[in-house]
Number of protein chains: 2
Amino acid sequence: MMPRLAPESVAIAERVMDRCDELGAISGSPDLLERVHLSPEHRRANDLVATWMEEAGLATWQDAAGNQCGRLEGAEPGLPALLIGSHLDTVRDAGRYDGMLGVLLAIEVAARIARRDVALPFALEVVGFTDEEGTRFGNALLGSRALAGGFDPAWWDLSDRDGLSLREAFVDFGLDPARIHGAARPPDSLVGYLEAHIEQGPYLEDADRALGVVSSIAGARRFELTMTGVAGHAGGTPYDRRRDALVGASDLVVEIESVGRAAGVIATVGRLQAFPGGINVIPGRVEFSLDLRAEFDRDRDHALAEIRRRAHEIAERRGLRFESREIYRADATPCAPWLREAIASGIRRTGDEEPMILWSRAGHDGMAVSAVTDIAMLFVRCGKGGISHHPDETVEMRDVAFALDAFEDAVSAVAERVQAEPERLGAA
Amino acid sequence: MMPRLAPESVAIAERVMDRCDELGAISGSPDLLERVHLSPEHRRANDLVATWMEEAGLATWQDAAGNQCGRLEGAEPGLPALLIGSHLDTVRDAGRYDGMLGVLLAIEVAARIARRDVALPFALEVVGFTDEEGTRFGNALLGSRALAGGFDPAWWDLSDRDGLSLREAFVDFGLDPARIHGAARPPDSLVGYLEAHIEQGPYLEDADRALGVVSSIAGARRFELTMTGVAGHAGGTPYDRRRDALVGASDLVVEIESVGRAAGVIATVGRLQAFPGGINVIPGRVEFSLDLRAEFDRDRDHALAEIRRRAHEIAERRGLRFESREIYRADATPCAPWLREAIASGIRRTGDEEPMILWSRAGHDGMAVSAVTDIAMLFVRCGKGGISHHPDETVEMRDVAFALDAFEDAVSAVAERVQAEPERLGAA
């Protein structure tokens, strides 16, 4: 079967692309895209998305965690909901599709279903999560973890770079920390969660596919690392007396890459800064980060042990002190077979008879949502080798149109399955 | 001859130590010592030092570059001056002796000479230079270069971390950029420049000496380095597609150390930061610094060529772009033999018959001043392996007392020499 694309789908895809641009213009910085949790831009994006949700026929609200929600009732009011969506926050200097595309596709799917007046056996809820990236407070998935009832009160004391705590930012945003549990969805109120997202990798592009079925979302662990030595005058301190924290940290950064390559694990140091930072001062302290991901948790944890071993070896050799503090941990999340099959069936309807299956190297809100309901994901090809978290992030309008059709069909497939197996309504 | 120390010298050394503490409390930060060029703390330090100069019997003024000056006339008014002093600015998180000690010792030497009513064959001028370190605008020795008539108008456009230009900061401080040349001293108005400074290294401590004669000040070159790759999502980008600027920069930091060790050159990366700096984003750009020093300029330049070769090799291998921009260059500065001998004779008078001779790994104001007059330096032992540019910087009060006696005797030795060779008055 050849790929087929209705003119209507192309027109909608064009609108989705335009709206990605529109959302991409809501930024905390004039020169680049950055939209972080509980910022004025968070509010502006939620408000704009709420408008689009309402145009699509959804009842809207912002939940107690700052997630933007919209609901289309099913065959009768108050049925458990199939959640569809993605996130609305971004990293710093972000692209316009990571997260946003999935929210906008979900709105269009809901709009089509509302227009066709199909009586689904569940409510359809679109969610635009906040703080999937963890850009501001370092701890990702705050919005989806709150929705899944997993908000940890210890997080209130997380602080941003300006020293503002999550609690303070929450209050400044107009939310009430005491009501955070109102964001939590009971498992029996949910049917499942489907998310469309750009792949953020090169595999679909390399295989010449528009869409793919996600098998599982990689586990990730994140750490704040510190290498401490002794600052000193760059001129007066001979090499054999130096305890240069930056040379030690640099040595480790190179080792981290080598451990990652050897173990088939993705290890990234994204943040690194030397202190005190004077051009003529030997660095006494380096603060850096480590992000570890793998398809299988045990590979990731073995790599971590090896990285720690080498870190302590470097520290000992150079008279430094190495410390690491875990700030995030998520184990690998498998997608539910029945929802994976619904996604695959949606892709097949676009003419791709044997949909490609791939695991997500990146984390997604589904990791948190899986605590309360089954999840699955549809990946959309992105160009340029899958570049993401970068302004060059790109997606083809044609692929967006395919994704729209596939995603709508996936929702229909879930509806058929729920009709055939009504016990799936509200199964945790 | 055994070391001997007059009780009066010990009492003065105690005052010098107290004043180092007092100056050390004038900081732009509540938690650490940082006093940078053209800051409110620069003004406060100058004002306080001016008070002490006046108590010592000097006529004081702040020159057109922001240096604090004080003058004791010689046998007749208006004679060429022997400059003595050091600098009053600091690095970030500095110690209390680097620079300050030399200014305070110079004031005490001038005070003693004023008290004894000795008619010197030259005026004695104490100078507290500003911006020896280059902490704020990256370009060191601004104060002493202005005094030496070497102020380059291109420097007006240097900017600090907040984007404020040197010109703007100069005006905000109450100085007039158009009058900067008023700070320049004609060569025939000067006899020479003597500076006492902590060693900032371990050599005197290792040799169990309080004081040392500096043979020359090492040349230094400083660079801003940039490694540019492509930012991307930490999860989605496989290793073989990454162009991770931080792994490349880290690789180079380790190589820089290894080149420095092998070449007998001191190479330091003091500043390094990865951008955009997201914990889950592959760094697309790293900005870092390089500071290179050696006793001989040719060794330093050979090391630089080797570092550049390795940088380009790393960049090529990793698909990165390496750039370097020179922001400071000073060739090695020899101390004038006749002034070195005056310093040595001062040290001998303290009981150390064969003064240790060593070269300065650190840069000093003398490098700039040598453009207009002969220079020499007295090094004072500092403890703890010579730790400097760090709050743990330390010096013994007993060594300060020896330095005071030696420095005073060095000035007397210069006076004797000038009396014997009057052509030295005003020799460039």
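Structure: above.
Residues numbered from 1 in each chain as written. Chains lettered and ligands numbered in written order. Predicted model: local features only at pLDDT ≥ 70, side-chain atom pairs only at ≥ 80, totals over all residues. Heavy atoms only, no water.

### As for the overall build of chain A
The number of helices and strands found in chain A is 11 helices and 16 strands. Taking all 428 residues of chain A together, 64% fall into the buried category. Counted over contacts in chain A with a minimum sequence separation of 6, partners at least 24 positions apart contribute 78%. Of the roughly 15200 Å² that chain A leaves accessible, carbon and sulfur atoms contribute 48%. (Helix = DSSP H or I, 4+ residues; strand = E, 2+ residues; numbered from the N terminus. Buried < 20%, exposed > 50% of the residue type's maximum accessible area, 1.4 Å probe, protein only. Contact = heavy atoms within 4.5 Å. Areas by Shrake-Rupley, 256 points an atom, 1.4 Å probe, with all protein chains shown as cover.)

### With respect to the packing of aromatic side chains
All names here are of chain A. Overall, the coordinates contain eight aromatic pairs over all chains when judged by the stated rule. Between F129 and Y193, the aromatic rings sit 5.9 Å apart at their centres with planes inclined by 75°, giving edge-to-face as the arrangement. Of the two residues, F129 sits in strand β4 (residues 123-129) while Y193 sits in strand β5 (residues 190-198), which places them 64 residues apart along the sequence. A relative accessible area of 0% places F129 in the buried class. (Phe/Tyr/Trp six-rings, centres within 6.5 Å; stacked < 30°, edge-to-face > 60°.)

### Side note on the interface of chain A and chain B
Counting residues at the interface gives 63 residues for chain A and 63 residues for chain B. Both sides of the chain A and chain B interface together cover about 5400 Å² of buried area, and 57% of this is carbon and sulfur. For chain A, the biggest contributors to the area lost against chain B are H233, Y239 and I279 of chain A; these three give 16% of the whole. Where chain A packs against chain B, one counts four salt bridges. For E257 of chain B, the salt bridge is made with R318 of chain A, and the minimal N-O distance between the two is 3.0 Å. Joining chain A to chain B, the criterion identifies 20 residue pairs in polar contact (both at pLDDT 80 or more). Elements represented by at least two residues in the side of chain A that touches chain B include exactly α6 (203-207), β7 (219-228), β8 (232-233), α7 (245-263), β9 (266-268), β10 (272-275), β11 (281-282) and β12 (285-294) of chain A. Looking at which element gives the most residues to the side of chain A that touches chain B, the answer is α7 of chain A, with 10 residues. Partitioned by chemical class, the residues of the side of chain A that touches chain B number 28 nonpolar, 20 polar and 15 charged. (Buried area = accessible area lost by both parts, 1.4 Å probe. Salt bridge = Lys/Arg side-chain N within 4 Å of Asp/Glu carboxyl O. Polar contact = N/O pair within 3.5 Å; in protein donor to acceptor, adjacent residues only side chain to side chain. Nonpolar A, V, L, I, M, F, W, Y, C, P; charged D, E, K, R; others polar.)

### Re the relation of the copies chain A and chain B
Both copies of the chain are related by a screw-like operation: a rotation about an axis and a shift along it. With an RMSD of 0.0 Å, the operation that places chain A on chain B is a rotation of 180° combined with a shift of 0.0 Å along the axis. The transformation just described matches what one would write down for a two-fold rotation axis. (Least-squares fit on C-alpha atoms with pLDDT ≥ 70 in both.)

### Side note on the layout of surface pockets
Its volume calculated, the second largest pocket comes out at about 1100 Å³. Taken together, 41 residues make up the lining of the second largest pocket; nearest its centre are T135, R136, D160, R161 and R271 of chain A. Looking at the lining of the second largest pocket, the elements that each hand over two or more residues are β7, β10, β12 and β13 (321-330) of chain A together with β10 (272-275) of chain B. It is β13 of chain A that contributes the most residues to the lining of the second largest pocket, five residues altogether. Taken together, the residues of the lining of the second largest pocket sort by class into 14 nonpolar, 13 polar and 14 charged. (1 Å grid on protein atoms, 1.4 Å probe; cavity = no way out; pocket = protein on both sides within 12 Å on 5 of 7 lines; lining within 4 Å. Points joined across faces, edges and corners; volume = space filled by probe spheres on them.)

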